[in-house]
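# An overview of the molecular structure
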Amino acid sequence: MDLAAVAVAVGEVPTFRALVPGARGADVNQLQRMLVATGHRTAAPDGLFDSATLAQLNLWQRATGQRATGSVPLGSLLFVKRLPAVVGWEDTLNGESSGGGKGVVGTLLTEGDTVARLLPATPSFSIDLPPGQRALVEPGMRVSLNLKDHSWSAQIDAIRAPREDGSAVATLAAIGDRKSICGRQCDSVAIAGDSSVKARITVLAPASGPVIPTAALVVGPDGSTAVVTDGGETVAVIVVATSGGQALIEGVVAGTKLRVPGDVETTQ
């Protein structure tokens, strides 16, 4: 700022004022914790900018190539929740009131303008679902992602409320204990803005098992399904999938002879 470097440290309290001798509060406590972390203070933080804090701050400023002023002007030291961190410039600085410029030297700023923002530690992924696909997608479904030479697996985490045209956005999450979808390859994703990634949703997971004609299924009053063996025994089954008059089932062993209305000799 003002062509001077801005220092960044870990902390929860946003910088909102200059820190000078005599100041007291959580932000002073945070400054003292930083001085402890950098080895310039040994006493426990107490939140009071006293003479000891003044001397310690001067030592830190000299050690980091700054002029020892004994104070922290607003904007010269920022605190963020984590380090390392990635900061991205805002595309526009408060619209036309700031000239609509980007984060470049000489851009005119006014009070309240947002200049930059702390980006997430890892990229977030989402999929736009057209109206015809929205009804087919559910949370928990697996998604295959491809970007350049990288391939990742994810799952549908949530589906946002549909838009007026019936389309929606599905947000993705990492599978299992993974902390991120892209893992160690997240550097291949743009740190700001949007990147186009090829995605394929597995609506129906691959399955195998006995396949029978759907005509062989017996549906009970409670909606349960069963088949009748060639010997007349009724066996409860689970229908995994159906297509083209065929049903993939669980509950019987492949090769079992079943009764089919109109064709008692049919076996599957």
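Keep in mind that this is a model prediction, so the values were computed, not measured.

## A word on the sheet that holds strand E8 (residues 168-173)
The strands making up a sheet are joined through hydrogen bonds of the backbone, oriented either antiparallel or parallel. The strand order across the open sheet built from five strands is E5-E8-E7-E6-E9, with neighbouring strands paired in antiparallel fashion. A strand with exactly one partner marks an edge of an open sheet, and here the two such strands are strand E5 (126-129) and strand E9 (198-201). On average, each strand axis in the sheet is inclined to that of its neighbour by 35°, with strand direction left out of account. For strand E6 (residues 142-147) and E9, the ladder comprises four bridges, and the chain directions are antiparallel.

## Digging into a nonpolar patch on the surface
Where nonpolar side chains cluster on the molecular surface, the patch consists of Val6, Val8, Val10, Leu78 and Leu83 and spans about 370 Å² of accessible area. With respect to the helices, strands and loops of the structure, leucine 78 is situated in strand E2 (residues 77-80).

## Digging into the confidence of the model for the chain
A residue-level look at the chain finds 88% of positions with pLDDT of 70 or above and a mean pLDDT of 85. Considering only residues more than four positions removed or in separate chains, one finds that residues 94-101, a stretch of pLDDT under 50, has 14 contacts. With pLDDT under 50 throughout, residues 264-268 is counted as low confidence; its partners more than four residues away or in other chains account for ten contacts.

## Section: unusual backbone geometry
The step from leucine 83 to proline 84 runs through a cis peptide bond, and the omega angle for that step is 0°. Assignment of secondary structure puts proline 84 in the loop between E2 and strand E3 (87-89). One non-glycine residue, lysine 148, lies in the positive phi region at around 55°. When you line up the elements, lysine 148 lands in the loop between E6 and strand E7 (150-159).

## Describing the packing of helix H1 (residues 26-37) against helix H2 (residues 51-63)
Two elements in contact, H1 and H2, have axes separated by 11 Å at closest approach and are oriented at 55°. In terms of their interaxial angle, H1 and H2 are classed as oblique. Classified by chirality, the crossing of H2 by H1 is left-handed. Of H2, the residues touching H1 (which contributes Leu31, Gln32, Met34 and Leu35) are Thr53, Gln56, Leu57 and Trp60.

## Topic: H2
Its 13 residues give H2 an end-to-end C-alpha distance of 19 Å, which sits within 8% of 18 Å, the value for a rise of 1.5 Å per residue. Within the sequence span of H2, burial applies to Thr53, Gln56, Leu57, Asn58, Trp60 and Gln61. Those residues of H2 that are buried lie in contact with strand E1 (7-10), H1 and E2. Residue aspartate 50 occupies the N-cap position of H2, its side-chain oxygen lying 3.3 Å from the main-chain nitrogen of alanine 52. A positive phi of about 80° marks glycine 65, the residue just after H2.

## Thoughts on the side chain of serine 71
Looking at the element boundaries, serine 71 is found in the loop between H2 and E2. On the basis of relative accessible area, serine 71 is assigned to the buried category, the value being 18%. With residues up to four places along the chain from it excluded, the contact list for serine 71 reads Leu19, Val20, Leu57 and Gln61.

## Some details on the sheet that holds strand E14 (residues 246-250)
If you trace the five strands from one edge of the open sheet to the other, you get E10-E14-E13-E12-E11, paired in antiparallel fashion. The sheet terminates laterally at strand E10 (211-213) and strand E11 (218-219), the two strands that pair on one side only. Bridge count for strand E12 (residues 225-228) against strand E13 (residues 234-243) is four bridges, and the pairing is antiparallel. Along E13, the bridge assignment pairs threonine 225 with valine 237.

## Here we look at the pattern of salt bridges
Scanning all chains against the criterion turns up two salt bridges. Note that arginine 17 and aspartate 27 form a salt bridge whose closest N and O atoms lie 2.7 Å from each other. Of the two residues, arginine 17 sits in the loop between E1 and H1 while aspartate 27 sits in helix H1, which places them ten residues apart along the sequence. With its nearest N and O atoms 3.1 Å apart, the salt bridge here joins aspartate 128 to arginine 163. Residue aspartate 128 is found in strand E5, and its partner arginine 163 is found in the loop between E7 and E8; the two are separated by 35 residues along the sequence. The exposure class assigned to aspartate 128 is exposed, which follows from its relative accessible area of 55%. When its relative accessible area of 40% is taken as the criterion, arginine 163 is described as partly exposed.

## Here we look at the nonpolar core
In summary, soluble globular proteins display a tendency toward joint burial of nonpolar side chains. Core analysis: the biggest nonpolar cluster contains 20 residues, and Phe125, Leu145, Trp152, Ile156, Leu172 and Ile181 have the highest contact counts within it. Elements that contribute at least two residues to this core include exactly E5, E6, E7 and E8. Excluding residues within four positions of it along the chain, phenylalanine 125 makes contact with Leu145, Trp152, Ala170, Thr171, Leu172, Ile181, Cys182, Val189 and Val197. Counting 14 residues, the second-largest nonpolar core is a separate cluster that includes Leu31, Met34, Phe49 and Phe79.

The rules behind the values
- Residues numbered from 1 in each chain as written.
- Predicted model: local features only at pLDDT ≥ 70, side-chain atom pairs only at ≥ 80, totals over all residues.
- Heavy atoms only, no water.
- Pairing = 2+ DSSP bridges.
- Helix = DSSP H or I, 4+ residues; strand = E, 2+ residues; numbered from the N terminus.
- Axes fitted to C-alpha atoms, helices over the stretch in contact; angles between N-to-C directions.
- Patch = residues over 30% accessible without salt bridge, like charges linked within 9 Å, V, L, I, M, F, W, Y side chains within 5 Å.
- Areas by Shrake-Rupley, 256 points an atom, 1.4 Å probe, with all protein chains shown as cover.
- Salt bridge = Lys/Arg side-chain N within 4 Å of Asp/Glu carboxyl O.
- pLDDT = per-residue confidence, 0-100.
- Contact = heavy atoms within 4.5 Å.
- Parallel < 35°, antiparallel > 145°, perpendicular 65-115°, else oblique.
- Left-handed = near helix turned anticlockwise from the far one by under 90°.
- Expected span 1.5 Å × (residues − 1).
- Buried < 20%, exposed > 50% of the residue type's maximum accessible area, 1.4 Å probe, protein only.
- Polar contact = N/O pair within 3.5 Å; in protein donor to acceptor, adjacent residues only side chain to side chain.
- Core = buried A, V, L, I, M, F, W, Y, C linked by side-chain atoms within 4.5 Å.

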